Amino acid sequence: VQLVESGGGLVQPGGSRRLSCAASGFTFSIYAMSWYRQAPGKERELVAGISSAGSRTNYADSVKGRFTISRDNAENTVYLQMNSLKPEDTAVYYCRGVVRRAIYWGKGTLVTVSS
């Protein structure tokens, strides 16, 4: 199982960014996926999750209405569209999958929200 995030970078407050997580090594379309983040000095926290078919999603209260999780099962990729970014969204963003009861993480991609 391999999860590879991309799309991080520096963005101004109020801006947008789309993160991608390319998955391989398992049957992507039958597993739920999620995005987590870890800010400096803080614990890793759930940002958003999506069901295997993409019909159900859930979000942390802090990102509801601003972030959207989606997936393309034909491309084995899960996305996180982030809008109206705030400085407090600065963190390393991780893709997570639970495959056959084992938890897998990507290496993360850093998003810095700053002017």
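Refer to the structure presented above.
Structure report, in brief. As a convention, each chain's residues are numbered from 1 in the sequence order in which they are written. With the structure being a predicted model, the display of local features is reserved for residues of pLDDT at least 70 and the display and counting of side-chain atom pairs for 80 or more, all residues being used for whole-chain, interface and lining totals. With hydrogens and water set aside, each side-chain value is computed from the structure's full complement of heavy atoms.

1. As for the side chain of Arg66
Mapped onto the fold, Arg66 is located in the loop between strand E6 (57-59) and strand E7 (67-72). Polar contacts here mean pairs of N or O atoms no more than 3.5 Å apart (in protein, one a potential hydrogen donor and the other a potential acceptor; neighbouring residues in sequence count only if both atoms are side-chain atoms). At 2.7 Å, the side chain of Arg66 forms a polar contact with the side chain of Asp89. Setting aside residues no more than four positions away along its own chain, Arg66 makes contact with Gln81, Met82, Asn83, Ser84, Leu85, Lys86 and Asp89. Secondary structure counts use DSSP, requiring at least four H or I residues in a row for a helix and at least two E residues in a row for a strand, with both numbered from the N terminus. By definition in these notes, contact holds between two residues if any of their heavy atoms fall within 4.5 Å.

2. A few points about the side chain of Ser51
Locating Ser51 in the fold gives a position in the loop between strand E5 (45-50) and E6. Ignoring anything within four residues of it in the chain, the contact list for Ser51 reads Ala32, Arg56 and Arg71.

3. A short note on the nonpolar core
Among buried residues, those of type Ala, Val, Leu, Ile, Met, Phe, Trp, Tyr and Cys that are joined through side-chain atoms within 4.5 Å constitute a nonpolar core. Residue burial is assigned from relative accessible area. The probe radius is 1.4 Å, only protein chains are included, and a residue is buried under 20% of its type maximum, exposed over 50%, and partly exposed in between. One finds Trp35, Val78, Leu80 and Tyr93 to be the most contacted residues of the largest nonpolar core, which totals 28 residues. It is strand E9 (residues 91-99) that contributes the most residues to this core, four residues altogether.

4. So, the sheet that holds E7
What the four strands build is an open sheet, ordered E1-E3-E8-E7; its pairing is antiparallel. If you trace the sheet from one side to the other, it starts and ends with strand E1 (2-6) and E7, each paired once. Averaged over all pairs of adjacent strands, the angle between strand axes in this sheet comes to 15°, irrespective of strand direction. Here, strands pair whenever DSSP counts at least two bridges between them. Bridge count for E7 against strand E8 (residues 77-82) is six bridges, and the pairing is antiparallel. In the sheet register, Ile69 faces E8, and the bridge partner there is Leu80. Axes here mean lines fitted to C-alpha atoms, for a helix over just the part in contact, with angles spanning 0 to 180 degrees between N-to-C directions.

5. A word on the pattern of salt bridges
A carboxyl oxygen of Asp or Glu within 4 Å of a side-chain nitrogen of Lys or Arg is what we treat as a salt bridge. The final tally for this structure, using the stated rule, is four salt bridges. For Arg37, the salt bridge is made with Glu45, and the minimal N-O distance between the two is 2.7 Å. For Glu45, a relative accessible area of 35% translates into the label partly exposed. Residue Asp89 pairs with Arg66 through a salt bridge whose shortest N-O separation is 2.7 Å. Placement of the pair is Asp89 in the loop between E8 and E9 and Arg66 in the loop between E6 and E7, with a sequence separation of 23 residues. Taken together, the shared-partner salt bridges connect Arg37, Glu45, Arg66 and Asp89 into one network.

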